[in-house]
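Examination of the molecular architecture
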Amino acid sequence: MANIMIRRDSKGSYQFYLPKRDLEDTIVSMEFDTPEKWGGEIKLNNGGAYYIEPQAAPARLPYSVRAKRLDAAE
Amino acid sequence: MSALTREETQALIQEVLEVYPEKARKDREKHLAVNDQSIEQSKKCITSNRKSLPGVMTIRGCAYAGSKGVVWGPIKDMIHISHGPVGCGQYSRAGRRNYYVGTTGVNAFGTMNFTSDFQEKDIVFGGDKKLAKLIGEVEQLFPLHKGISVQSECPIGLIGDDIEAVSKKSAKEINKPVIPVRCEGFRGVSQSLGHHIANDAIRDWVLGNRDESTFESTPYDVTIIGDYNIGGDAWATRTILEDMGLRVIAQWSGDGTLAEMENTPKAKLNLLHCYRSMNYISRHMEEKYGIPYMEYNFFGPTKIEASIREIAGFFDDTIKAKAEAVIAKYKPMMQAVIDKYKPRLEGKRVMLYVGGLRPRHVIGAYEDLGMEVVGTGYEFAHGDDYDRTIKEMGNATLLYDDVTGLEFEEFVKRVKPDLVGSGIKEKFIFQKMGIPFRQMHSWDYSGPYHSYDGFAIFARDMDMTLNNPCWGNLTAPWLKVEPVAEKAAA
Ligand code: SF4
């Protein structure tokens, strides 16, 4: 489990940030992306995948959340 | 010499790698690349932020340099104690040229070196007592300082001193903030981790200090983040922003003060220049205080214009109108600069090797002068920096991460640029090779280079260096045979 931060970049897509490793990447897909259910498996541009416990969408981004690593790139 | 093709550049990299032993070659190979604009992710072509190989000459610094030298050092009204042996602080003292206003030794301390000067007995018995005593002395001798930061050097982490406890106790005694920073040089692979640690220390010890106090804010409050005022850079930037009708409430950290930093959470927009060293704190403020941040680039009129428009986009129409007025005002002045220097610089080729933002930010400024950047690299970049760089650089140009002394020299010998821009350690090697050189860390005792005012100086300096008559006089007169013979014939 690691703390990650999710924000929106200037183009409007989700941006993933893992402070511990200074890893920054765009999120290419998120399993659930509705106001009631948000999170699930997220896929990064670099090929990595993380899992966020599905929850209500955060009221405001950026948002820090715990995530489980499913598949790290490199 | 004409530009190298992709194959030639690739061959050059292979040729340079030849001298390394097998294992080192494999490692270094990943850090050198030929730029390909079609690549979306830098990860596919270049590896960065890895440990330097033992035995090669790296140009990197340490985490202490990143924290004390880069982030904390320029905060002028604080005293930054280099906690540990004397050398780390003394040999880097005042070398960075971050200008400030104030009376040094009275209310500003930027160019002074404070150190606990560790001796053998401090290593053996611990230096906590010494630190407490030092803080007491500092308070007595420099009563006008606003706070102290304790910047740990390597031994502090090795012997396990508890600087946090001392800081807490001393802060109570002197009634000013005392901030312990765990930036021992051995942490991380380069100064980059030092930036991160320093940012985290600011987050934990400084940022929230005035959350409760009131602040007369305006809708146009912005901050300049990640501008270290090298040769007056931040001042030149500030003029432009103020002309646009914005109010700059804090400068991080060039010519900055502790109070400014504490008030930063009251801003409406954080303007981020050096992304690498201060994105951490900007992210934090975005999340905690909802302040958006924006990366901008104030090198060269083209990029400045684009940045001004983008900044104005965050505000209402009055600011947008003023922004256009600023652009219009400076346009003829910049055109005059370009008209004067472009004919003298056109077509010249540059190779860069610098730190956090300049390897990509200055490309636009060179292009405004008709010059071309044919190779660039970072000392301590991460993947996201290269992501941004790939788009700025031409195809088939060289990219080198954490370049070694040997590689850099060989690349320059083969690519034969007309100008090299890097740091002081590289300067004399290239000058002796007869290649014009500018220091792109400290602006070679010149500056500012940011913003409109800076561009005029930048253009002049590049011309002064490149077209200096000395480059024609590097061969001794008796070795210059041809011109004499020609004359005789004529
Ligand atoms: S690596 Fe350690 S000893 Fe060397 S300058 Fe950095 S803090 Fe000082």
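Attention in this report is confined to the structure presented alongside it. (Residues numbered from 1 in each chain as written. Chains lettered and ligands numbered in written order. Predicted model: local features only at pLDDT ≥ 70, side-chain atom pairs only at ≥ 80, totals over all residues. Heavy atoms only, no water.)

Let us now look at the overall build of chain B. When helices and strands are tallied, chain B shows 21 helices and 14 strands. For chain B, the C-alpha radius of gyration of 24 Å lies close to 23 Å, the compact-globule estimate for 490 residues. Oriented by its inertia axes, the alpha-carbon framework of chain B measures out at about 85 × 60 × 45 Å. For chain B, contacts bridging at least 24 residues in sequence account for 72% of all contacts bridging at least 6. Summed over all atoms, the accessible surface of chain B reaches about 20,400 Å², with 56% contributed by carbon and sulfur. Averaging the locations of the 61 positively and 66 negatively charged side chains of chain B gives two centres separated by 2 Å. (Helix = DSSP H or I, 4+ residues; strand = E, 2+ residues; numbered from the N terminus. Rg over C-alpha atoms; globule rule 2.2 N^0.38 Å. Contact = heavy atoms within 4.5 Å. Areas by Shrake-Rupley, 256 points an atom, 1.4 Å probe, with all protein chains shown as cover. Lys, Arg positive; Asp, Glu negative; His and termini not counted. Charge placed at Lys NZ, Arg CZ, Asp CG, Glu CD.)

Moving on, we get to the interface of chain A and chain B. The interface is formed by 15 residues belonging to chain A together with 18 residues belonging to chain B. Across the interface of chain A and chain B, roughly 1,400 Å² is buried in total on both sides, 37% from carbon and sulfur atoms. A per-residue breakdown of the area chain A buries against chain B is headed by Arg7(A), Asp22(A) and Glu24(A), which together make up 38% of the total. Across the chain A-chain B interface, the total number found is three salt bridges. Residue Glu286(B) is joined to Arg7(A) by a salt bridge in which the shortest nitrogen-to-oxygen separation is 2.7 Å. Across the contact surface, chain A and chain B share eight residue pairs in polar contact (both at pLDDT 80 or more). Where the side of chain A that touches chain B is concerned, the elements lending two or more residues are β1 (2–8), β3 (23–33) and β6 (63–71) of chain A. Its residues assigned to classes, the side of chain A that touches chain B comprises six nonpolar, three polar and six charged. (Buried area = accessible area lost by both parts, 1.4 Å probe. Salt bridge = Lys/Arg side-chain N within 4 Å of Asp/Glu carboxyl O. Polar contact = N/O pair within 3.5 Å; in protein donor to acceptor, adjacent residues only side chain to side chain. Nonpolar A, V, L, I, M, F, W, Y, C, P; charged D, E, K, R; others polar.)

Turning next to the sheet that holds β1(A). The six strands are arranged β1-β2-β3-β4-β5-β6 (chain A) in a closed barrel whose pairing can be described as antiparallel. With strand direction ignored, the average angle separating the axes of adjacent strands in the sheet is 45 degrees. Taken strand by strand, helix α12 (residues 275–289) of chain B contacts β1, β2 (14–18), β3 and β6 of chain A, and its axis lies near 85 degrees from that of β1(A). (Pairing = 2+ DSSP bridges. Axes fitted to C-alpha atoms, helices over the stretch in contact; angles between N-to-C directions.)

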